[in-house]
Amino acid sequence: MLLAIQSLTKTFVGMKALDAVDFELARGEVHALLGENGAGKSTLIKCLTGAYRRDAGTLLLDDAPISPDSTAQAQALGIGTVYQEVNLLPNLTVAQNLTFGHEPRHFGIVDTRAQRRQAAAMLEGYGLAIDLDRDLGSYSVAVQQLVAIARAVALSGKVLILDEPTASLDDREVQMLFAVVRRLRDQGLGILFVSHFLDQVYALCDRITVLRNGRKIVTARCDDLDRVRLIEHMLGRELAAEEHAARRAEGHTEATGEPLLAFEQVGRRGHIEPFDLSVQRGEVIGMTGLLGSGRTETAEVMFGIKRAHSGRVRDVESGGGDGGEAADELHLRGPRDAIAAGFGFAPEDRKTDGIVAELSIRENIILALQARRGWISAPRGRRRRSASSPAAISRRWCWRAGWR
Ligand SMILES: Nc1ncnc2c1ncn2[C@@H]1O[C@H](COP(=O)(O)OP(=O)(O)OP(=O)(O)O)[C@@H](O)[C@H]1O
Ligand SMILES: [Mg+2]
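Scope of this entry: the structure provided in the associated data block. Only a predicted model underlies this, so the values are computations on that prediction, with no experimental measurement involved.

## Observations concerning the site of ligand 1
Surveying the vicinity of ligand 1 reveals 14 residues, the closest of which are Asn-37, Gly-38, Lys-41, Ser-42 and Thr-43. Here an oxygen atom of ligand 1 sits 3.2 Å away from a polar atom, N or O, in the main chain of Ala-39. His-196 is positioned such that a nitrogen or oxygen atom in its side chain is 3.0 Å from an oxygen atom of ligand 1. If ligand 1 stood free it would expose 630 Å²; the protein chains cover 64% of that surface. Within the residue set of the shell around ligand 1, elements represented by two or more residues are strand S2 (15–25) and helix H1 (41–48). Counting residues per element, the shell around ligand 1 draws most heavily on H1, which supplies three residues. Among the residues making up the shell around ligand 1, the classes are represented as five nonpolar, six polar and three charged.

Here it is, written out as structure tokens:
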């Protein structure tokens, strides 16, 4: 067996995230690790790669016990990991990112030509036509993800762990990634694939292991485990008939027909052609397109992050009437206006744009609540003086960030 995990246990304060989990990964297989949110998938991966210290259990790679203390050590042993959120350095070039920590040197100085050659070789077969000398951060999250995979494969070479790698990729990119994964499988790598997209699991994987509440529930070949059984294993109960129907009709929503919001001829010169879009109460609208087609930018215009040069946004619900009148028009000059109007936004790169990672969860929530009230209206009474007042949090943040 390429990789064997035996009785892996990990406890966080008061809760067992993993409870004596066994797992095996063979050479030349793609093995899906599935389970609901919080089932323990990422914890298993982090214990395996040394990012977390396990409480108990044995890890065997090529039948020899291993105990990596860090992801770098795991990588040196042959276990490479790619996370949903890219963990490379956006302000280094593509070539620098690919060879980081292993730069070819000549008398101690980085040999940039050899570095570029090495990087080009690492990207071979990925179908990416990108400039090795450009900053990685100037490329989309999707391209960055593929670069991260190329790096992990080149540096580790035995086990490749993909923790929700497709969340930010479009169809074409997913196919590209799958082609790469299949090629690596045929070369004899063992690939551990975590995903919430069951279609992708069935399209790509050979076997499935299901975790639930930190316990291993089942391991089976994809061909032997149909979708309904799989979901039942994940949920821990049998699905009622109507649930089957609802799950089959994926993408179904409960639009009520009551209009809520209308974007009319909203556009951005040179970037987004004017578009119309109206949203009903209870409706989920999918917006899709190829990489570079303007999906993210459209969302940013809708939230006021980027300026619209034309059109208007109408709060159809509160405004009443059917147009002409400007009373129901929303002026979104920035995210603050959008938040005040009741919009929320989960950005593409949540780690840098969605949260302030240096602050605690509590502090992040307080900042978000304060943003909704507006910065001017200070909290009253005890909250203002407390250490968790937004002003105090901002001060601490600036202090830590060195903006004194
Ligand atoms: N650093 C941590 N400290 C405390 N609890 C944690 C920590 N990391 C994970 N947990 C808890 O352990 C459990 C398993 O979490 P884990 O992140 O492994 O789930 P997951 O299967 O990867 O879920 P998802 O599908 O949401 O990624 C959850 O209850 C989670 O809240
Ligand atoms: Mg996870």
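## A word on the packing of aromatic side chains
One pass over the structure, following the stated rule, counts four aromatic pairs. Plain terms: the ring middles of Phe-12 and Tyr-52 are 5.4 Å apart, the flat faces sit at 80 degrees to each other, and that makes the pair edge-to-face. In this pair, Phe-12 sits in strand S1 (residues 3–12) while Tyr-52 sits in the loop between H1 and strand S4 (56–61), placing the two residues 40 residues apart along the sequence. Phe-12 gets classed as partly exposed once you look at its relative accessible area, which sits at 29%. Note on Tyr-52: relative accessible area 29%, which makes it partly exposed.

## Re the state of the cysteines
With the rule as written, the count across this model stands at zero disulfides. Left unpaired, Cys-205 is separated from the closest cysteine sulfur, that of Cys-222, by 5.6 Å.

## Examining the sheet that holds S2
Strand order across the open sheet formed by four strands is S2-S1-S4-S5, with antiparallel pairing between neighbours. At either end of the open sheet lies a strand with only one pairing partner, and these are S2 and strand S5 (64–66). Each strand axis lies, on average, 30 degrees off the axis of its neighbour in the sheet, ignoring direction. Where S4 meets S5, three bridges bridge the pair, whose relative direction is antiparallel. What sits directly across from Leu-59, in S5, is Ile-66.

Here is what the cut-offs are and how they apply
Residues numbered from 1 in each chain as written. Chains lettered and ligands numbered in written order. Predicted model: local features only at pLDDT ≥ 70, side-chain atom pairs only at ≥ 80, totals over all residues. Heavy atoms only, no water. Near = heavy atom within 4 Å. Polar contact = N/O pair within 3.5 Å; in protein donor to acceptor, adjacent residues only side chain to side chain. Areas by Shrake-Rupley, 256 points an atom, 1.4 Å probe, with all protein chains shown as cover. Helix = DSSP H or I, 4+ residues; strand = E, 2+ residues; numbered from the N terminus. Nonpolar A, V, L, I, M, F, W, Y, C, P; charged D, E, K, R; others polar. Phe/Tyr/Trp six-rings, centres within 6.5 Å; stacked < 30°, edge-to-face > 60°. Buried < 20%, exposed > 50% of the residue type's maximum accessible area, 1.4 Å probe, protein only. Disulfide = S-S within 2.5 Å. Pairing = 2+ DSSP bridges. Axes fitted to C-alpha atoms, helices over the stretch in contact; angles between N-to-C directions.

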